[in-house]
Each structure stands twice: as C-alpha cells, then as structure tokens.
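# Secondary and tertiary structure notes
Chain by chain, the residues:
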Amino acid sequence: MAKIMVCVPTLDSVSASFHASQMQLRWNDGNRYGYSVKSNSLTYNARNEFALDAVNGKYDYLVFLDSDIVMEPDTVIRLVEDIEQSGADLVTGIYFKRR
C-alpha cells in the first residue's frame, strides 16, 4: 500500500468542473491519500511547499494536478501503477480536457 499526496497549486479558486472531476477519482484502491490545495500562491512556491510537506509526511508519491484540468477517474491510480511497473523516478500524464 502506497502513501500518495495529491497537490493542487492555484493562483485563484478551483473551478466547479475541477472539483467534480476530483469527486470522481477513485480513492478506494487500498492506498492512503493526502490531498492539499494551495491558493493565492505562485505555482513554483506552492510546489516547493508541497514537496516539503510530502517529505515531512513520509509520502511515497507526490502528484501535482493543475486546477484547470479535468481528469479521468483512474488518473492517479494509473500514474502510480506506471511508476511502480517501470521503476522510473518520474511519470507524467496527458491532459485530456481543459475547463
């Protein structure tokens, strides 16, 4: 079981379509999740803070999601599976839809 931190940096509020896509994500796959949104912050500052939070929280994986993207329900699970199967240090996904 992996410990996964999902992070959303945003300069403004998060859209309703983004929240709707988050509600559809599958979180019941046996992994443990943390979820954090940092608003009104420059993206690079927020990502640095997220990375520090992930290290301090002893998370296995750190996933950045942009607040203007709508994801398929299995996006996070597929990214984690890809990194575990490939042994890579980093994986990335294709954005399917913009709001």
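All values reported here derive from a predicted model rather than from experimental measurement.

What follows concerns a negative patch on the surface. Taken together, the side chains of Asp60, Glu81, Asp82 and Glu84 present a region of like negative charge at the surface. As for its placement among the helices and strands, Glu84 is situated in helix α3 (residues 75-86).

This paragraph deals with the nonpolar core. If you look at the biggest cluster of nonpolar residues, it comprises 14 residues, and the most contacted ones within it are Ile4, Val6, Phe18, Val63, Leu65, Met71 and Val76. Breaking this core down by element, the ones donating at least two residues are β1 (3-9) and α3. For Val63, the residues in contact, after removing those within four places along its chain, are Ile4, Met5, Val6, Cys7, Val76 and Leu79. In this structure, Met5, Cys7, Phe50 and Ala54 belong to the second largest nonpolar core, which totals five residues.

A few words on the packing of aromatic side chains. Applying the stated criterion across every chain, the model contains one aromatic pair. Across the ring face of Tyr59, the terminal group of Lys3 is positioned such that the distance to the ring centre comes to 4.7 Å. The ring of Phe64 has Arg47 lying over it, and the distance from NZ or CZ to the ring centre is 4.7 Å.

Within the open sheet, the three strands sit side by side as β2-β1-β3. Their pairing is parallel. The open sheet has two edge strands with one neighbour each: β2 (32-38) and β3 (61-64). When the angles between neighbouring strand axes are averaged without regard to direction, this sheet yields 20 degrees. One ladder, built from seven bridges, connects β1 with β2; its direction is parallel. In the sheet register, Pro9 faces β2, and the bridge partner there is Lys38. In this fold helix α2 (residues 43-56) packs onto β1, β2 and β3, with an angle of close to 165 degrees to the strand it touches most, β1.

What counts and what doesn't
- Residues numbered from 1 in each chain as written.
- Predicted model: local features only at pLDDT ≥ 70, side-chain atom pairs only at ≥ 80, totals over all residues.
- Heavy atoms only, no water.
- Patch = residues over 30% accessible without salt bridge, like charges linked within 9 Å, V, L, I, M, F, W, Y side chains within 5 Å.
- Areas by Shrake-Rupley, 256 points an atom, 1.4 Å probe, with all protein chains shown as cover.
- Salt bridge = Lys/Arg side-chain N within 4 Å of Asp/Glu carboxyl O.
- Lys, Arg positive; Asp, Glu negative; His and termini not counted.
- Charge placed at Lys NZ, Arg CZ, Asp CG, Glu CD.
- Helix = DSSP H or I, 4+ residues; strand = E, 2+ residues; numbered from the N terminus.
- Core = buried A, V, L, I, M, F, W, Y, C linked by side-chain atoms within 4.5 Å.
- Buried < 20%, exposed > 50% of the residue type's maximum accessible area, 1.4 Å probe, protein only.
- Contact = heavy atoms within 4.5 Å.
- Phe/Tyr/Trp six-rings, centres within 6.5 Å; stacked < 30°, edge-to-face > 60°.
- Lys NZ or Arg CZ within 6 Å of the ring centre and 35° of its normal.
- Pairing = 2+ DSSP bridges.
- Axes fitted to C-alpha atoms, helices over the stretch in contact; angles between N-to-C directions.

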